[in-house]
Amino acid sequence: MNAMVKAEGVHKSFGQIEVLKGIDLEVAPREVFCLIGPSGSGKSTFLRCINHLEKISAGRLYVDGELVGYRQKGDRLYELKDSEVALKRRDIGMVFQRFNLFPHMTAVENVMEAPVQVKGETRATARARALKLLDRVGLGDKAGNYPSQLSGGQQQRVAIARALAMDPKLMLFDEPTSALDPELVGDVLDVMRQLAEDGMTMVVVTHEMGFAREVGDALVFMDDGVVVESGHPRDVLTNPQHDRTKSFLSKVL
Ligand code: ADP
Ligand code: MG
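A brief structural summary. (Residues numbered from 1 in each chain as written. Chains lettered and ligands numbered in written order. Predicted model: local features only at pLDDT ≥ 70, side-chain atom pairs only at ≥ 80, totals over all residues. Heavy atoms only, no water.)

Remarks on the packing of aromatic side chains
If you walk through the whole model with that rule in mind, you get 1 aromatic pair. Plain terms: the ring middles of Phe221 and Phe248 are 5.3 Å apart, the flat faces sit at 35 degrees to each other, and that makes the pair tilted. Pair noted here: Phe221 is in strand β11 (residues 218-223) and Phe248 is in helix α9 (residues 243-252), with a separation of 27 residues, a long-range link. Phe248 matches Phe221 in its accessibility class, with the two residues each being buried. Positioned above the aromatic ring of Phe14, the side-chain terminus of Lys12 is 5.1 Å from the ring centre. Over the face of the ring belonging to Phe102 we find Arg162, whose NZ or CZ atom lies 5.4 Å from the ring centre. (Phe/Tyr/Trp six-rings, centres within 6.5 Å; stacked < 30°, edge-to-face > 60°. Helix = DSSP H or I, 4+ residues; strand = E, 2+ residues; numbered from the N terminus. Buried < 20%, exposed > 50% of the residue type's maximum accessible area, 1.4 Å probe, protein only. Lys NZ or Arg CZ within 6 Å of the ring centre and 35° of its normal.)

What follows is the structure in structure tokens.
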């Protein structure tokens, strides 16, 4: 079976600064793949490369068996056109630390927006589906609320529903609970746990080690643009092998 994400020697530089220095990893279908590491280690950059928001500088990156950003003909790579990139991005949902909901739209309108605008679904179809998705994230009764009328945790759950509305085959989470008050974190993690149980393939950048241990199937510790250590979350978290991992975990656990 194809890996859902496969990185082979992925490098990414911004000018002279090399941020990713040869990342190798594989995310299997239906896996919850957790990515941890200190601030500045390149976690967000890596997610952004997976999601076509950045172009890698060297190496190969595949999503569901297809090269990200390029088409290969023989030995040569050709950059994809913007329209081709847009098509591929539809298949990947992303949830950020900041929820970025449209402030002038209600929860249900936020969730409907992409299916209507991007996929050309009718408003009625998109609305029915959006209401189901809001129900799934525990917000069936908040469909008519504007973001300003929702807590941070509720807004983040709307953001998850909005990503799911495009039927992604892969969901990327970039510190989805880091901006939330502590008492709101649990509800968001519960939604993510449910999504994992439903079989969604997920790459999750998080500082929630409890979530990584309980829900994660694989965990990678990244530092300074390289994968320092990887394995089953329980093993890495309870028995880290590298000093850098030990030092990081001693600060977050
Ligand atoms: P993390 O998510 O692990 O905190 P990031 O991927 O956000 O790390 O950042 C890794 C490094 O890349 C940081 O030093 C950051 O300043 C740098 N970086 C990220 N994006 C850009 C950019 N667009 N231009 C220049 N440097 C960047
Ligand atoms: Mg980051």
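Points about the packing of helix α3 (residues 107-117) against helix α4 (residues 123-136)
Across the interface, α3 lies against α4 with an axial gap of 8 Å and an inter-helix angle of 130 degrees. Here α4 runs oblique to α3, going by the angle between their axes. The two elements α3 and α4 meet at a crossing, and its hand is right-handed. Contact with α3, carried on its side by Ala107, Val108, Val111, Met112, Pro115 and Val116, involves Arg123, Ala126, Arg127, Ala130, Leu131, Leu133 and Leu134 of α4 and no other residues of that element. Grouping the amino acids of the contact of α3 with α4 by side-chain chemistry returns 11 nonpolar, no polar and 2 charged. (Axes fitted to C-alpha atoms, helices over the stretch in contact; angles between N-to-C directions. Parallel < 35°, antiparallel > 145°, perpendicular 65-115°, else oblique. Left-handed = near helix turned anticlockwise from the far one by under 90°. Contact = heavy atoms within 4.5 Å. Nonpolar A, V, L, I, M, F, W, Y, C, P; charged D, E, K, R; others polar.)

Considerations on the site of ligand 1
Around ligand 1, the neighbouring residues are Phe14, Val19, Pro38, Ser39, Gly40, Ser41, Gly42, Lys43, Ser44 and Thr45. A distance of 3.0 Å separates an oxygen atom of ligand 1 from a polar atom in the backbone of Gly42. Relative to its unbound accessible surface of 560 Å², ligand 1 loses 58% to contact with the protein. Ranked by residue count, the leading element in the shell around ligand 1 is helix α1 (residues 43-50), at 3 residues. In terms of residue class, the shell around ligand 1 is made up of 3 nonpolar, 6 polar and 1 charged. (Near = heavy atom within 4 Å. Polar contact = N/O pair within 3.5 Å; in protein donor to acceptor, adjacent residues only side chain to side chain. Areas by Shrake-Rupley, 256 points an atom, 1.4 Å probe, with all protein chains shown as cover.)

Here we look at the environment of Phe14
Here Phe14 is to be found in strand β1 (residues 5-14). Take Phe14: its relative accessible area is 36%, and that puts it in the partly exposed class. Beyond its immediate sequence surroundings of up to four residues, Phe14 is in contact with Val19, Thr45 and Glu54.

Some points on the side chain of Gln156
Here Gln156 lies in helix α5 (residues 152-164). Residue Gln156 is classed as buried on the basis of its relative accessible area of 0%. If near-sequence neighbours (up to four positions away) are discounted, Gln156 is found in contact with Val95, Phe96, Gln97, Phe99, Pro176 and Val188.

Description of the sheet that holds strand β10 (residues 202-205)
Within the open sheet, the 6 strands sit side by side as β8-β9-β10-β3-β11-β12. Their pairing is mixed. If you trace the sheet from one side to the other, it starts and ends with β8 (92-95) and β12 (226-231), each paired once. Shown here is a sheet whose adjacent strand axes are inclined to one another by a mean of 20 degrees, direction ignored. As judged from the 4 bridges shared by strand β3 (residues 32-36) and β10, these two strands associate in the parallel manner. The residue bridging Val32 from the neighbouring strand is Met202, located in β10. (Pairing = 2+ DSSP bridges.)

Purely geometric numbers; function is a separate question.
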